Amino acid sequence: MAAHLSYGRVNLNILREAARKELREFLDKCAGSKAIVWDEYLTGPFGLIAQYSLLKEHEVEKMFTLKHGRLPPADVKNIIFFVRPRLELMDIIADNITSEDRHHSSRDFHILFVPRRSMLCEQRLKEQGVLGSFINIDEYILDLIPYDGDLLSMEYESAFRECYLENDQTSLYHTAKGLMTLQALYGTIPQIYGKGECARLVANMMLRMKREFAGSQNQILPVFDTLLLLDRNVDLLTPLATQLTYEGLIDEIYGINNGYVKLPPEKFAQKKQGEGSKDLPTEPKKLQLNSAEELYAEIRDKNFNAVGAALSKKAKIISAAFEERHNAKTVGEIKQFVSQLPHMQAARSSLANHTSIAELIKDITSAYIIPLNHLSSHVSASEAFFDNLTVEQEFMTGVDTDKVNTYIEDCIAQKDPLIKILRLVCMQSVCNNGLKHKVMDYYKREILQTYGYEHILTLNNLEKAGLLKPQTGSRNNYPTIRKTLKLWMEDANEQNPNDISYVYSGYSPLSIRLTQILARPGWRSIEEVLKMLPGPHFEERQQLPSGLHKKRQQGENRTTLVFFLGGVTYAEIAALRFLSQVEDSGMEYVIATTKLVNGTTWIKSLMDRPESQTQ
């Protein structure tokens, strides 16, 4: 099931198996039949660790979603609540249990906090008079979840907001604990580099935890050579930009959640000849996206402009493979063909799915591929995409960033989705090191008058997080950073890339450029630029027990774990995979993050009342 997790340089299946073992042990503590009541947010991450079959083996007979009122009827001995440590969830649990008591239930209750127990939550249950109803109160430490062979995420959706708006370091503590778990399984990481305030705090927590466990030295040969901790606020620009890789665009347009995407069903309908379209499916098409699917692994990190050619080439290969059946004459040849048939049929089905997805995306982005004639009176989806992208690229190259942008004005006048407006205004602010007071006031006034005065809280949050800020006397460092780090490459090669800039068709993500320079020639070469970016930069070394120093074979690559604190985009992941594949880089990257984000989900996490805003 999770074989794709062990294909990479680092076998992430070890981490998944450790998480599964702990889950089994907890379930076995609750003897007898069980029903699990899920905090809905946890079902996605848990699905990557354990399928229903594993739960069933341990006598889980029913599963319910946590909601107010009486629990649904279930003829089981144990009710187990799987929840995040949130006070509002404790109130729902208390409601469930008091409803049960009235019906003289003889069931045993257990609660499993993910990822940590909380004294505050237990106090709330006590106040509600239900704490004594629980036989087991435990914690399940699910920090880093393997998403793919080179990708780990904590799926901690509020990490950026907590760190930069609420001054809450809980997510950083969970990050440090997650990294300690990782080192317990894969060996101590000898070198730690970091950039940013949060990175410094996480490194300090890790080093303190290591001192506290000084007695139990880890005797595992290190798998990772280096850990790089990067604060999201060191590079606020990248998540705001529209991702232009295949996987990035799927996430931008449809949203990838816990490795799954839900798509409009019409392109996937199997229409038979002579049949009308009256029975088209109405349920969204749900597809799993990871490297276990050969074709997806091949095309996901390509710039979308290169995907069509790759799909066409694959179609010819599959077609030629099926034609081989005509050449199979002997029994042995026929047998060999038949044995390959399941794989070929899976490849054909995969090709059909990705051709349909590519068509759906192309309907929205086709102007980005071939700029459309702007004579039509109404603006098509593809023109809107192209115009939006043009403005983004102007901001990134420093064009007219210091005055009110007419495209943004028009979008507000047309009442385009608020998040689209906020992404562009924040991008202009970041690329201009803040907006002039009159420009900032104008945007704020227009947004509040058009979308409602309740959004003053959101604008305040964006200001506090540094995404939207008034210009102070200090000069704009962005042009210097852009030139020194080569953040903009004219004529980026999208078909056969030779630089990471292909993931945004010209813009090289700052975060990934820093990672690339750290590997070669090192951060000392860009000291001045590092000082212009927020937060300290640092280097720490962790002592390894004698005998555990790696003897590197000639030509053997080093392995770096890059941890993004506050979120990472699929385009950044694609850029790191590109660097891993560059022949003379001598470096392979594994990516970890607090949350997989795109511009929309990231801005949404900073909004107050985001539920009232659609994408």
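Residue positions are counted from 1 within each chain, in the order its sequence is given. In view of the model being predicted, local features appear only for residues whose pLDDT reaches at least 70, and side-chain atom pairs are presented and counted only at 80 or more, with totals across whole chains, interfaces and linings using the full set of residues. Just so you know, side-chain values use all the structure's heavy atoms and leave hydrogens and water out.

Under an unreviewed UniProt entry, the name given to the protein is Vacuolar protein sorting-associated protein 33A, and the organism recorded is Oreochromis aureus. UniProt positions are given in the numbering used here, feature names are shortened, and annotations may be inferred rather than shown by experiment. As its UniProt record puts it under Sequence similarities (unreviewed entry), the protein is described as follows: "Belongs to the STXBP/unc-18/SEC1 family."

(A) Representation of the sheet that holds strand β13 (residues 537–541) within the structure. Two strands form a pair only when DSSP identifies at least two bridges running between them. Numbering goes from the N terminus for both helices and strands, where a helix is a DSSP run of H or I of at least four residues and a strand is a run of E of at least two. Strands sit in the order β6-β7-β15-β14-β9-β8-β13 across an open sheet of seven strands; the sheet is mixed. Single-partner strands in this sheet number two, and they are β6 (145–148) and β13. Sheet twist, expressed as the average angle between the axes of neighbouring strands with direction ignored, equals 20°. Both strand β14 (residues 558–565) and strand β15 (residues 587–593) contribute to a ladder of seven bridges, which runs parallel. Bridge assignment links F564 to a residue of β15, and that residue is T593. For this analysis, residues touch if any pair of their heavy atoms sits within 4.5 Å. An axis is simply a line fitted to the C-alpha atoms; with a helix, the fit covers only the stretch in contact. Between two such axes, the angle follows the N-to-C directions and lies from 0 to 180 degrees. Along the sheet, helix α8 (residues 197–212) contacts β8 (191–195), β9 (226–231), β13 and β14; its crossing angle with β9, the most-contacted strand, is approximately 140°. Strand contacts of helix α22 (residues 570–581): β6, β7 (151–153), β14 and β15, with the helix running at about 160° to β15, the strand carrying the most contacts.

(B) Fine view of the environment of A306. Here A306 shows up in the loop between α11 (294–299) and α12 (307–323). Buried, partly exposed and exposed residues are distinguished by accessible area as a fraction of the type maximum, computed with a 1.4 Å probe on protein chains only: under 20%, between the cut-offs, and over 50%, respectively. On the basis of relative accessible area, A306 is assigned to the buried category, the value being 6%. Residues A306 and Y246 lie 60 residues apart in sequence; the distance between their C-alpha atoms is 9.0 Å. Ignoring sequence-local partners within four residues, the contact set of A306 consists of E494 and Q495.

(C) Focus on the pattern of salt bridges. Here, a salt bridge means any Lys or Arg side-chain nitrogen found within 4 Å of an Asp or Glu carboxyl oxygen. Enumeration over the complete set of coordinates arrives at 36 salt bridges. A salt bridge links R20 to E17; the nearest nitrogen and oxygen atoms lie 3.7 Å apart. Residue R20 and its partner E17 are located together in helix α1 (residues 13–29), separated by three residues, close to a single helical turn. For E17, a relative accessible area of 36% puts it in the partly exposed group. Where D39 meets R84, a salt bridge forms, and the shortest distance between an N and an O atom there is 2.7 Å. With a gap of 45 residues between them, D39 in the loop between β1 (34–38) and α2 (40–49) and R84 in the loop between β3 (78–83) and α4 (87–102) connect regions that are remote in the sequence. For the pair shown, D39 and R84 are each scored as buried. What emerges from the salt-bridge pattern is a single network uniting D148, D150, E247, R300, D301 and R577.

(D) Summary view of helix α18 (residues 456–464). All of the buried residues along α18 are T458, L459, N461 and L462. Each buried residue of α18 sits inside an arc of 155° when the element is viewed along its axis, so together they form one side. Backbone geometry just downstream of α18 places G466 in the positive-phi region, at approximately 85°. Taken from the helix axis, the directions to the C-beta atoms give the arc we talk about.

(E) Highlighting empty space enclosed by the protein. Cavity: a set of points on a 1 Å grid over the protein atoms alone where a 1.4 Å probe fits but cannot get out. Pocket: an open set with protein on both sides within 12 Å along at least five of seven lines, its lining residues, like those of a cavity, having an atom within 4 Å of a point. Grid points are joined across faces, edges and corners, and a volume is the space filled by probe spheres set on the points. In total, this model carries four cavities of 30 Å³ or more according to the counting rule given. Here the largest cavity is characterised by a volume of approximately 100 Å³. Lining the largest cavity are L48, Y147, D148, L151, E247, I256, G259, L289, N290, R300, Y570 and R577. Of all the secondary structure elements, the ones that give two or more residues to the lining of the largest cavity are β6 and α22. Ten residue types, Ala, Val, Leu, Ile, Met, Phe, Trp, Tyr, Cys and Pro, are classed as nonpolar, four, Asp, Glu, Lys and Arg, as charged, and the remainder, Gly among them, as polar. Classifying every residue of the lining of the largest cavity by side-chain character gives six nonpolar, two polar and four charged. Volume-wise, the second largest cavity comes out at about 50 Å³. Mapped by element, the contributors of at least two residues to the lining of the second largest cavity are α6 (159–164) and α7 (170–186). The dominant element in the lining of the second largest cavity, judged by the number of residues it contributes, is α6, at four residues.

(F) Seen up close, unusual backbone geometry. In this structure, P115 follows V114 across a cis peptide bond, with omega equal to 5°. Backbone torsion omega between R520 and P521 reads 10°, so that peptide bond is classified as cis. Tracing the backbone shows P521 in the loop between α20 (510–519) and α21 (527–532). A positive phi angle is found at E59, which is not glycine, with a value near 65°. With respect to the helices, strands and loops of the structure, E59 is situated in the loop between α3 (52–57) and β2 (60–65). By relative accessible area, which is 41% here, E59 ends up partly exposed. Look at N258: it is not a glycine, yet its phi comes out positive at around 50°. As for its placement among the helices and strands, N258 is situated in the loop between β10 (256–257) and β11 (260–263). According to the relative accessible area criterion, N258 is buried, its value standing at 19%.

(G) Looking closely at the pairing of β6. Relative to β7, β6 runs antiparallel, the two being bridged by three bridges. By the bridge assignment for β7, D148 is matched with L151. Here β6 hands over to β7 after two residues, the two strands then running antiparallel side by side.

(H) The domain arrangement of the protein, seen in detail. All the domain ranges listed were derived from an automatic or database domain assignment. We note that the domain assignment places domain 1 (3–142) and domain 2 (246–268 + 283–365) within the protein. For domain 1 and domain 2, the distance between their C-alpha centroids amounts to 37 Å. Counting residues at the interface gives four residues for domain 1 and four residues for domain 2. Each of two parts loses accessible area, computed with a 1.4 Å probe, when they are put together; buried area is these two losses added. Note on domain 1 versus domain 2: buried area summed over both sides is about 360 Å², and carbon and sulfur give 59% of it. Considering only the side of domain 1, the residues that lose the most area to domain 2 are H4, G44 and L48, jointly responsible for 83% of the buried surface there.

(I) Spatial organisation of the nonpolar core. Only buried residues count toward a nonpolar core, which is a set of Ala, Val, Leu, Ile, Met, Phe, Trp, Tyr and Cys residues joined through side-chain atoms within 4.5 Å. Counting residues in hydrophobic clusters, the biggest one holds 169 residues, and the most contacted among them are L229, L467 and L514. The element that contributes the greatest number of residues to this core is helix α16 (residues 418–431), accounting for 10 residues. Looking at which domains feed residues into this core, each of domain 1 (3–142) and domain 2 (246–268 + 283–365) gives three or more. Filtering out sequence-adjacent residues up to four positions away, L229 remains in contact with L179, I192, Y193, G194, K195, A199, V202, A203, F563 and L565. Within the second largest apolar cluster, 24 residues are counted, among which are V76, L89, I111 and I137.

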